[in-house]
Amino acid sequence: MAIECRFHHVDRRSATESLGGMRMERHSRRLGTGHDPSLGVDRRRFLGLMAGSGAVAALTLIGCSSDDGGGDGGGDADASPATSGPDDATGFSVRVATEAPASLVSGFGFDWGTSFNQHLAWGGLFARGADRMPVKADAASIEVSSDGRTVTVKLRPDLKWSDGTPYGAEAYVYGFEQRLRAGVVFGPIFISGMGEAIVDPVNVDLSTIGITASDDSTLVFTLTDPVLPFEFWAAAAPVAWPLPRHAIDAAGGLEKFATTFPLVSNGPYIVTSATTGEITYERNPNWTGPPANPDSIVATIVPSGADSGQFTSFRAGELDFGVVPFAELEAAQSDASLAKTLVEWPQVWCLILNHAKAPFDQLGVRRALYAALDRSALSEGILSGTGAPAFGVLHPSVLQGFDDAGRPAFELGPEAAKKHLADAGFPGGEGFPEVTLLSYGTSLSDAVVQAVQQTWNDVLGVSITIRKLDPATWFSQIVLGDQTEWGEIADGPWPSLYPDAFDIYPDIYDFGGLVFHHNWARSDELAEQQQAALHATDAATRQTLLAAYDMAAMTDVPLIPVFFTNDLQVRVDGFEGSFGTYGSEFQMIRHVSRS
């Protein structure tokens, strides 16, 4: 049964208007974001499109349904998948889980399944190496100008698509243009001209955007400010990865191209078959980038977010890797028969306070709620040793060497929390209004909000009511809801796509909260401090500035971090390696090995 690829057009401006207006901070242009705040550029447009029936933009697959026929104009989409299990004659296969991808073409979807697929079947200038650091893939060399604002990348001379057709810099520019015109490009803002392009992707003059090919072996990126982690971005984000114009034209457009198997791509693997239950990847014979270990990858399609389903399938011998669900963490930790790895990747669990609602507009109240939480006890008690306390939003791996010694510049602990609340006019919780906490709705969320509810009541005399949502409803209300009227408090996670603050601070803090609408009235001074930290060009200085900003921002309590969560991943004996289940972490599947 083949996956039927259905495409849908989403009007970009209508989608934006339906999300409602967003207050933009007056310093956005002055701090180099590259667009006028009156234009209304914000990540909510991306999130809104991402949420709608799997449809992200003009050329995005929105559903999978059974069809007795194969894909249009291509090979047999129902071909038997590679067998799972033991090594074959030339190497080994690995069996993992994914969800049905919104698109098999890189950059045309933002869901787990699309991310999984694009980091196996597609690639760019750099890739994640076995140590998770960026290594050259299509790039032969990289040169950064003295002011840090021009990045010139020379391409390898032997680049070929999986069908043997050569490609060069033009394929990169073409790929960016196709995604931009389709409305699925939402950054990065540090590329010159990107702000205006995001607002009007159909009519923008492409020559004004800082992604150009000076010849077919040279790409030039013009930046608004220096970006030290440029190679991380190039390895993780498919916005400027190449697309095969020849194959797309031959298929009659992107829609038909996406159903032609084996799908022409440029990553270490090619999609040889895709059904409603399974996607099979086999080695790309023309891949010249960093070595990939498995000969084939068989991805079983599971419902979105079904980590419990993964673990059940793993226990049944159907997968070689799986993620342990929250409810079974403690049992899995104590099970000596399981080969397991704690995969650390940045995901912070937060409590979001709506500053536009009283009493959360009072700094003393926010500090009291922050100070009352015993993060170490919450992390250990709820996560069974798989997480870490979070006093700020930057994960220790982002800070690369900094420990968790940073604390905001106000007193913490139960007694300090009581004093903060009394100073705000609510001694012992007297007169504090009853408020409702909108919970994310998973079993982990249940544990978090119940512990927080009990702590705030015991320490502060503050009573909160919990209203449990499911993740889809939570997303619609908290992320896509009205900027100021979505509610009072919520809990929820936010992961980063790769380990750098560029993918954390703008999402969480800019414009009153692009993801979590805390409506924090950030000062110009703090905004400038964030910008200086992100764009610092010396690595050691940058880490120091990021760590300092993390605590400086938290002193104003824009939101309340609780802890960092990680994946406890299990694997079949004989396999080595691990991978996170988000973004470019999927590239680490390439590096697993089998003895």
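Residues numbered from 1 in each chain as written. Predicted model: local features only at pLDDT ≥ 70, side-chain atom pairs only at ≥ 80, totals over all residues. Heavy atoms only, no water.

**Side note on the overall build of the protein chain**
Thinking step 1. Check the secondary structure of the protein chain and you find 19 helices and 23 strands.
Thinking step 2. The buried share of the protein chain, taken over its 595 residues, is 58%.
Thinking step 3. Taking all contacts inside the protein chain whose residues are at least 6 apart in sequence as the whole, residues at least 24 apart take part in 73%.
Thinking step 4. Looking at the protein chain as shown, the accessible area adds up to about 21600 Å², and 51% of this sits on carbon and sulfur atoms. (Helix = DSSP H or I, 4+ residues; strand = E, 2+ residues; numbered from the N terminus. Buried < 20%, exposed > 50% of the residue type's maximum accessible area, 1.4 Å probe, protein only. Contact = heavy atoms within 4.5 Å. Areas by Shrake-Rupley, 256 points an atom, 1.4 Å probe, with all protein chains shown as cover.)

**Details of the nonpolar core**
Thinking step 1. Ranked by size, the top nonpolar core spans 150 residues in total, and within it F221, Y281, W456 and L460 carry the most contacts.
Thinking step 2. Here Y281 is in contact with F116, N117, L120, A121, Y269, I270, V271, D295, S296, I297 and A299, once residues within four sequence places are set aside. (Core = buried A, V, L, I, M, F, W, Y, C linked by side-chain atoms within 4.5 Å.)

**Re the environment of G580**
Thinking step 1. For G580, the position within the fold is in the loop between β22 (575-576) and β23 (593-594).
Thinking step 2. The exposure class of G580 is buried, given its relative accessible area of 0%.
Thinking step 3. Sequence spacing of G580 and Q569 is 11 residues, and the spatial spacing of their C-alpha atoms is 8.4 Å.

**Describing the side chain of N354**
Thinking step 1. Assignment of secondary structure puts N354 in the loop between β15 (347-353) and α11 (363-371).
Thinking step 2. Classification of N354 by relative accessible area gives buried; the value is 0%.
Thinking step 3. Side-chain polar atoms of N354 contact the backbone nitrogen of A356, separated by 3.0 Å. (Polar contact = N/O pair within 3.5 Å; in protein donor to acceptor, adjacent residues only side chain to side chain.)

**A closer look at the side chain of S379**
Thinking step 1. Here S379 is to be found in helix α12 (residues 375-383).
Thinking step 2. By relative accessible area, S379 is classed as buried at 4%.
Thinking step 3. Residues contacting S379, with those up to four places away along its chain left out, are S384, G385, G387, A388, P389 and F563.

**Considerations on the pairing of strand β6 (residues 139-144)**
Thinking step 1. In terms of strand pairing, β6 meets strand β7 (residues 150-155) through five bridges, oriented antiparallel. Across the sheet, the residue bridging to I142 is V153, located in β7.
Thinking step 2. Connecting the antiparallel pair β6 and β7 is a turn made up of five residues, with G148 showing a positive phi of about 75°. (Pairing = 2+ DSSP bridges.)

**So, the sheet that holds strand β16 (residues 388-389)**
Thinking step 1. The strand order across the open sheet formed by six strands is β16-β20-β15-β19-β17-β18, and the pairing between neighbours is mixed. Edge positions in the sheet fall to β16 and β18 (464-468), since each of these pairs with one other strand and no more.
Thinking step 2. Direction of pairing for β15 relative to strand β20 (residues 560-564): antiparallel, over a ladder of four bridges. Within β20, the residue paired with W349 across the bridge is F563.
Thinking step 3. Relative to β20, α11 is tilted by about 20°, and along the sheet it contacts β15 and β20. (Axes fitted to C-alpha atoms, helices over the stretch in contact; angles between N-to-C directions.)

**Here's the deal with the packing of aromatic side chains**
Thinking step 1. With the rule as written, the count across this model stands at 22 aromatic pairs.
Thinking step 2. For the ring pair F221 and F230, a centre distance of 5.2 Å and an interplane angle of 65° mean the geometry is edge-to-face. F230 matches F221 in its accessibility class, with the two residues each being buried.
Thinking step 3. Relative to Y549, the ring of Y505 lies with its centre 4.9 Å away and its plane at 90°, an arrangement referred to as edge-to-face. Of the two residues, Y505 sits in helix α17 (residues 505-509) while Y549 sits in helix α19 (residues 539-554), which places them 44 residues apart along the sequence. Accessibility classification places Y505 together with Y549 in one group, the buried group.
Thinking step 4. An aromatic cluster is built from F190, F221, F230, W233 and F502, whose rings are joined through pairwise contacts.
Thinking step 5. The ring of Y370 has R375 sitting right over it, with the charged end atom 3.9 Å from the ring centre. (Phe/Tyr/Trp six-rings, centres within 6.5 Å; stacked < 30°, edge-to-face > 60°. Lys NZ or Arg CZ within 6 Å of the ring centre and 35° of its normal.)

**As for α12**
Thinking step 1. Of all the residues in α12, the buried ones are R375, L378, S379, I382 and L383. Viewed along the axis of α12, the buried residues span an arc of 95°, placing them on a single side of the element. Exposed and oriented more than 90 degrees from the buried face of α12 are E380 and G381.
Thinking step 2. Buried positions along α12 lie against α10 (329-334), α11, β16, α15 (443-460) and β20.
Thinking step 3. Of the residues trailing α12, S384 is marked for its positive phi of about 55°. (Arc of directions from axis to C-beta.)

**Some thoughts on the pairing of β7**
Thinking step 1. Only one face of β7 is covered, namely the one carrying V151, V153 and L155; the face carrying T150, T152 and K154 has none of its residues buried.
Thinking step 2. Where β7 meets strand β9 (residues 218-222), five bridges bridge the pair, whose relative direction is antiparallel. What sits directly across from T150, in β9, is T222.

**Concerning the sheet that holds strand β13 (residues 321-323)**
Thinking step 1. Pairing is antiparallel across the open sheet formed by three strands, whose spatial order is β13-β21-β14. Strand pairing shows two members of the sheet lacking a second neighbour, β13 and β14 (339-343), which therefore form its edges. Averaged over all pairs of adjacent strands, the angle between their axes in this sheet comes to 30°, without regard to strand direction.
Thinking step 2. Of the pairings in the sheet, the one linking β14 to strand β21 (residues 567-571) comprises five bridges and is antiparallel in character. Bridge pairing in β21 places V343 opposite D567.

**Focus: the confidence of the model for the protein chain**
Should the pLDDT be low somewhere, the predicted coordinates at that spot are not to be read in detail.
Thinking step 1. Within the protein chain, residue pLDDT values average 83, and 82% of them lie at 70 or more.
Thinking step 2. Counted against residues more than four places away or in other chains, residues 1-90, with its pLDDT under 50, gives 229 contacts. (pLDDT = per-residue confidence, 0-100.)

**Notes on the environment of P471**
Thinking step 1. With respect to the helices, strands and loops of the structure, P471 is situated in helix α16 (residues 471-479).
Thinking step 2. The spatial distance from the C-alpha of P471 to the C-alpha of G441 is 6.0 Å, given a sequence separation of 30 residues.
Thinking step 3. Not counting the four nearest positions on each side in its chain, P471 is found in contact with Y440 and T442.

**Some words on the layout of surface pockets**
Thinking step 1. Size it by volume and the second largest pocket reaches roughly 410 Å³.
Thinking step 2. Here the lining of the second largest pocket takes four residues from α19, the largest share from any one element.
Thinking step 3. Of the residues belonging to the lining of the second largest pocket, the class tally is 15 nonpolar, six polar and four charged. (1 Å grid on protein atoms, 1.4 Å probe; cavity = no way out; pocket = protein on both sides within 12 Å on 5 of 7 lines; lining within 4 Å. Points joined across faces, edges and corners; volume = space filled by probe spheres on them. Nonpolar A, V, L, I, M, F, W, Y, C, P; charged D, E, K, R; others polar.)

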